[in-house]
Each structure stands twice: as C-alpha cells, then as structure tokens.
Amino acid sequence: MTLIHSVILTKFNTMTVDNCRIVQLPKFLDVRGNLSFVEQLNHIPFEIKRTYWIYDVPGGENRGGHAFRENQEFVIALSGSFDVVVDDGEKQNTYTLNRSYYGLYIPRGLWRTMENFSTNSLALEFGSIHYDESDYIYDYAEFKTMKHDGKI
Ligand code: TYD
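Residues numbered from 1 in each chain as written. Predicted model: local features only at pLDDT ≥ 70, side-chain atom pairs only at ≥ 80, totals over all residues. Heavy atoms only, no water.

**Student:** Honestly, the overall build of the chain in this entry has me stumped. Any pointers?
**Tutor:** For the chain, the helix and strand inventory stands at two helices and twelve strands. Counting from the amino terminus, helix and strand elements in the chain follow one another as α-β-β-β-β-β-β-β-β-β-β-β-β-α. By its C-alpha atoms, the chain is 60 × 35 × 25 Å across when sized along the principal axes. For the chain, the residues scored as buried account for 39% of the 152 residues in total. Excluding contacts between residues fewer than 6 apart, the proportion of contacts in the chain whose partners are at least 24 apart in sequence is 78%. Carbon and sulfur atoms form 50% of the exposed surface of the chain, whose accessible area is close to 9,000 Å². (Helix = DSSP H or I, 4+ residues; strand = E, 2+ residues; numbered from the N terminus. Buried < 20%, exposed > 50% of the residue type's maximum accessible area, 1.4 Å probe, protein only. Contact = heavy atoms within 4.5 Å. Areas by Shrake-Rupley, 256 points an atom, 1.4 Å probe, with all protein chains shown as cover.)

This is the structure we're talking about:
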C-alpha cells in the first residue's frame, strides 16, 4: 500500500459524532413487569468482549473524559438517567439516556464524557475489546491533534 492510500484509508476510517446512534431495544410490556434484551451482532454491532457498569455516582460527578483508539461501546441507562457527550474534535453531541430500552452505540475514536447522573442511576456498558489501558487517550489536546491528522 502506498502512503497516499494509507492516508486516504486512515481518513476514511475516521469516526465522527454522526457515526453514533441510538438503538431501540425490544421491550415486552407486561403487568408482571417489563422485559428488554440486547444481542451482540444484532442490536449491538460488535462482538461483546467486556461488560461493566457504573453505579453510586455522587451528585455532580462525571465519568469518562477520554477516547478509545479501538474500543467500541454500547451504553444503556438501566436505571435513572445521565448524559453521554460525544466529541470528534470538531462537533459535539449530547445524548440523554433515561429509558432502559434504548442503547447508545459509540464507535472507536471519539472523545466521550458521562455527566448529569441522576440519583441511583445505573449505566451498563458493553465493550468490543478487553480492558487495555493503552487503548485510552486521556489528553484532549492530544486527541484533537490525532483526530486532525486522521490518526484516530
Ligand atoms: P475508566 O475507564 O477510566 O472509568 P471512566 O471512563 O468511567 O471514568 O476506569 C476506571 C478504572 O477502572 C481504571 O483504573 C481501570 C478500571 N477498569 C478495569 O479494570 N476494567 C474495565 O473494564 C474498566 C472499564 C475499568
């Protein structure tokens, strides 16, 4: 592959906030209580390698504040509500998650922060890779430069 091809391919693969999407999950309404579910490679467009959850968030605290080089995410507000702010270095979008039958798909290569957690909120997150500290970018200026150069 020539350098120019590699540059074009890298740029082509660069994700923007427009690559995020809200996915409506199935819901079975029932007087005994409602049920929803999620399946990999169906509602979640990747193989799930990891599941984690965020809970007991004190009022006013934020989570996230980083980007992933490779990891894709799928986020559900299982309980309560919170905002997910995604940022591609040029544009920001805020998604308010407040129903357990909606998920937010976040591709790799976006800066994302989670904020405005309600009392007793529970955020369930699925990831496309195992935990890897080196996949994180914690410096926003570095992220912006990488984004500008099409490196992420
Ligand atoms: P981090 O992803 O920085 O949390 P957030 O983005 O919500 O602010 O993770 C916080 C800590 O938890 C970090 O020190 C590593 C650990 N951790 C794991 O060991 N495995 C995981 O899957 C995750 C998400 C975090």
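Further notes follow.
**Student:** Hey, could you run me through the packing of aromatic side chains in this one?
**Tutor:** We describe a pair of aromatic rings using the distance from one ring centre to the other and the angle between the two ring planes. Inspection of every chain in the model, using the stated rule, returns eleven aromatic pairs. Plain terms: the ring middles of Phe74 and Phe126 are 6.5 Å apart, the flat faces sit at 50° to each other, and that makes the pair tilted. Highlighted residues: Phe74 in strand β6 (residues 73-79) and Phe126 in strand β11 (residues 122-127), separated in sequence by 52 residues. In terms of burial, Phe74 and Phe126 fall into one category: buried. Ring geometry for Trp111 and Tyr140: centres 5.1 Å apart, planes at 85°, overall edge-to-face. Highlighted residues: Trp111 in strand β10 (residues 111-115) and Tyr140 in helix α2 (residues 140-148), separated in sequence by 29 residues. (Phe/Tyr/Trp six-rings, centres within 6.5 Å; stacked < 30°, edge-to-face > 60°.)

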